[in-house]
Amino acid sequence: MNIAANNLYSEMQSMSLQATKFETDPSAVKVPSTTSANFGDMLQQAMDNVNGLQQNTGDLRTRFDQGDRSVSLSDVMIASQKSGVAFDATVQVRNKLIESYKEIMSMPV
């Protein structure tokens, strides 16, 4: 599963479609093939993507504040919202990982 902000919405749509197909015909859902992607690499790529979005937003804000006419207020606001959503999603993933870790650590051995 790709965590990149640009692909998140399309993946959610495909999952929704798969869930809908499963409700009508359980044999319609195909199990995704396993990948050799390392979880740490995937997480690092997602963090780099969020960082890039935030840097782009900062650059657009600075250019807009300095009076660059090629940057409109709507461009700045859209970039700000994109980086905000990506950051919020990253925080939620972090919270779920911490919650899972605490739950695993509290299990009796």
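Remember, it's a predicted structure, so these values are computed and weren't measured experimentally. (Residues numbered from 1 in each chain as written. Predicted model: local features only at pLDDT ≥ 70, side-chain atom pairs only at ≥ 80, totals over all residues. Heavy atoms only, no water.)

## Structural notes on the overall build of the chain
Scanning the chain for helices and strands turns up three helices and zero strands. Along the chain, helices and strands appear, N-terminal first, in the series α-α-α. Burial analysis of the chain (109 residues in total) assigns 12% to the buried set. Taking as baseline every contact in the chain between residues at least 6 positions apart, the subset at least 24 positions apart corresponds to 47%. Total accessible area on the chain is roughly 8900 Å²; 58% of this is exposed by carbon and sulfur atoms. (Helix = DSSP H or I, 4+ residues; strand = E, 2+ residues; numbered from the N terminus. Buried < 20%, exposed > 50% of the residue type's maximum accessible area, 1.4 Å probe, protein only. Contact = heavy atoms within 4.5 Å. Areas by Shrake-Rupley, 256 points an atom, 1.4 Å probe, with all protein chains shown as cover.)

## Notes on the pattern of salt bridges
As enumerated under the stated definition, the model contains two salt bridges in all. One salt bridge in this structure joins Arg63 and Asp59, with 3.9 Å as the shortest N-O distance. Taken as a pair, Arg63 and Asp59 lie in helix H2 (residues 39–65) at a separation of four residues, close to a single helical turn. When salt bridges with common partners are traced through the structure, they connect Asp59, Arg63 and Asp68 into a single cluster. (Salt bridge = Lys/Arg side-chain N within 4 Å of Asp/Glu carboxyl O.)

## Let's talk about H2
The terminal C-alpha atoms of H2, which comprises 27 residues, lie 39 Å apart, in line with the 39 Å expected from a rise of 1.5 Å per residue. All of the buried residues in H2 are Ala46, Val50, Leu53, Thr57 and Leu60. One or two residues past the end of H2 sits Gly67, with phi positive at roughly 90°. (Expected span 1.5 Å × (residues − 1).)

## A look at helix H3 (residues 73–105)
Taking 1.5 Å as the rise per residue, H3 with 33 residues should run 48 Å; its terminal C-alpha atoms sit 48 Å apart, in good agreement. Among the residues making up H3, those that are buried are Val76, Ala79, Ser80, Ser83 and Ala86.

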